[in-house]
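# Examination of the molecular architecture
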Amino acid sequence: MLVFSCLVAGSFPLGSLAMKTGTITPLAFNSIRFVLAATAIAIIAQSTGGIPRTALRAPWRYVILGGLFALYFVMMFEGLKTATPVSTAAVFTLTPVLAAGFGYVLMRQITTPRIALALTVGAIGALWVIFRADLSAFLAFEVGRGEMVYFVGVVAHAIYTPLVSKFSRGERAPVFITFVLCASSVVMLAFGWRDLLATNWAGLPPIVWVAVAYTTLIATTTTSTLLTFASVRLDSAKVMAYTYLTPSWVILWEVALGNGVPSGLIFVGIGLTILALYLLLKHEE
């Protein structure tokens, strides 16, 4: 999950750069990346032990998970049209609070007082970043459209996490995620085929192809496998606790891409999210 948080962070600045070119829609972008990612992970699954027919039991599981996964990424890239990478990453850190709630509803996973405190601290840190350390903006609840759109996707991601554990029947992570991504591809193509046909693929700027390659091979294929591996071994809240590191990783990505450093006050919120991670991962007596 530590690797997961670092790799996921890269999709925020790269996705933002791709969306702000105005040359491709979120539906077209995610349709092509899901098809490519499903193909890649299927090859990996087949070459590392094969895909047993028993994995096709109850295929409705993959349809539900694939639909949630597709919704998350479409909302993410739609939000990145107007929101900054750091603020969207901060919205992503609200996932543990939501995952803990859905984990209880779906799996009866109990949240201890310490974990509840950690989730609260993390949520405060996330809100601090989302509102850019501006108390007046918080009191006026001035949330940008991009952040609101992306929050819908975050809710879908929070539901997805406990459902992976609930729906898993012992399949290897690459096999399980192969069918999830195949289902996601079908959903994306059903809604995005018009956007795919309307896109001028030959005229896309290089940054779009860089973003497609990264989100396909890293932010989808690799991270979804890591998330599946962790979700069947850890509680939903602990799995998502690592998302608290995402804004910190995004800031490093932004600096590396030459997009500058955010204001000093933002780092107060970042510090709170890191404290929340420590509280969540501290050994429970």
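Note: the structure precedes this text.
Residues numbered from 1 in each chain as written. Predicted model: local features only at pLDDT ≥ 70, side-chain atom pairs only at ≥ 80, totals over all residues. Heavy atoms only, no water.

### What about the overall build of the protein?
- Secondary structure assignment for the protein yields 13 helices and 0 strands.
- For the protein, the sequential pattern of α-helices and β-strands runs α-α-α-α-α-α-α-α-α-α-α-α-α.
- For 285 residues, the compact-globule formula gives about 19 Å, and the C-alpha radius of gyration of the protein, at 18 Å, lands near that figure.
- If you line up the protein on its principal axes, its C-alpha atoms span 50 × 50 × 30 Å. (Helix = DSSP H or I, 4+ residues; strand = E, 2+ residues; numbered from the N terminus. Rg over C-alpha atoms; globule rule 2.2 N^0.38 Å.)

### Re the packing of helix 1 (residues 2–19) against helix 4 (residues 85–92)
- Look at helix 1 against helix 4: their axes get within 9 Å of each other, and the N-to-C directions meet at 140 degrees. Taken together, the axes of helix 1 and helix 4 lie oblique to each other. At the point where helix 1 passes helix 4, the crossing takes the right-handed sense. Of helix 4, the residues touching helix 1 (which contributes Phe4, Val8, Phe12, Pro13 and Ser16) are Pro85, Thr88, Ala89 and Phe92. (Axes fitted to C-alpha atoms, helices over the stretch in contact; angles between N-to-C directions. Parallel < 35°, antiparallel > 145°, perpendicular 65-115°, else oblique. Left-handed = near helix turned anticlockwise from the far one by under 90°. Contact = heavy atoms within 4.5 Å.)

### Thoughts on the side chain of serine 185
- Position of serine 185 relative to the elements: it lies in helix 9 (residues 173–198).
- Within the structure, serine 185 has its side chain in polar contact with the backbone nitrogen of valine 35 (distance 3.5 Å).
- Of the polar contacts made by the side chain of serine 185, one reaches the backbone oxygen of leucine 181; its length is 2.8 Å.
- When residues no more than four places from it in sequence are discounted, the contact partners of serine 185 are Phe34, Val35 and Ala38. (Polar contact = N/O pair within 3.5 Å; in protein donor to acceptor, adjacent residues only side chain to side chain.)

### Description of the packing of helix 1 against helix 10 (residues 206–231)
- Packing of helix 1 against helix 10 brings their axes to within 9 Å, and their N-to-C directions diverge by 155 degrees. The angle between helix 1 and helix 10 places the two elements in the roughly antiparallel class. The hand of the helix 1/helix 10 crossing is left-handed. Between helix 1 and helix 10, the residues in contact are Val3, Phe4, Cys6, Leu7, Val8, Gly10, Ser11, Leu14, Leu17 and Ala18 and Ile207, Val208, Val210, Ala211, Tyr214, Thr215, Ile218, Ala219, Thr222, Thr223, Leu226 and Leu227, respectively.
- Looking at the contact of helix 1 with helix 10 residue by residue, the classes come out as 17 nonpolar, 5 polar and no charged. (Nonpolar A, V, L, I, M, F, W, Y, C, P; charged D, E, K, R; others polar.)

### With respect to helix 13 (residues 266–281)
- Under the 1.5 Å per step criterion, the end-to-end length of helix 13 is 23 Å for 16 residues, consistent within 8% with the ideal 22 Å.
- Buried within helix 13 we find Ile266, Gly269, Ile270, Thr273, Ala276, Leu277, Leu279 and Leu280. (Expected span 1.5 Å × (residues − 1). Buried < 20%, exposed > 50% of the residue type's maximum accessible area, 1.4 Å probe, protein only.)

### Let's talk about a nonpolar patch on the surface
- Judged by side-chain polarity, Trp128, Leu265 and Val268 come together as a nonpolar surface patch covering roughly 260 Å² of accessible area.
- Along the chain, the position of leucine 265 falls in the loop between helix 12 (246–256) and helix 13. (Patch = residues over 30% accessible without salt bridge, like charges linked within 9 Å, V, L, I, M, F, W, Y side chains within 5 Å. Areas by Shrake-Rupley, 256 points an atom, 1.4 Å probe, with all protein chains shown as cover. Salt bridge = Lys/Arg side-chain N within 4 Å of Asp/Glu carboxyl O.)

### Digging into helix 2 (residues 26–47)
- Along its 22 residues, helix 2 runs 31 Å from first to last C-alpha, staying within 8% of the 32 Å computed at 1.5 Å per residue.
- Where helix 2 is concerned, the buried positions are Pro26, Ala28, Phe29, Asn30, Ser31, Arg33, Phe34, Ala37, Ala38, Ala40, Ile41 and Ala45.
- Residues of helix 2 that are buried in the fold lie against helix 1, helix 3 (60–79), helix 9 and helix 10.
- Phi for glycine 49, located one or two positions after helix 2, is positive at around 140 degrees.

### Some thoughts on the nonpolar core
- Grouped together as the largest cluster of nonpolar side chains are 79 residues, with contacts concentrated most on Phe12, Phe29, Leu65, Met76, Tyr150, Tyr160 and Leu181.
- Top element by residues in this core is helix 3. It accounts for 11 residues.
- Those residues in contact with tyrosine 160 that lie beyond four places of it in its chain are Leu65, Leu68, Phe69, Ile177, Val180, Leu227 and Thr228. (Core = buried A, V, L, I, M, F, W, Y, C linked by side-chain atoms within 4.5 Å.)

### As for the side chain of serine 31
- Relative to the assigned elements, serine 31 resides in helix 2.
- A polar contact is formed between the side chain of serine 31 and the backbone oxygen of methionine 188, at a distance of 3.3 Å.

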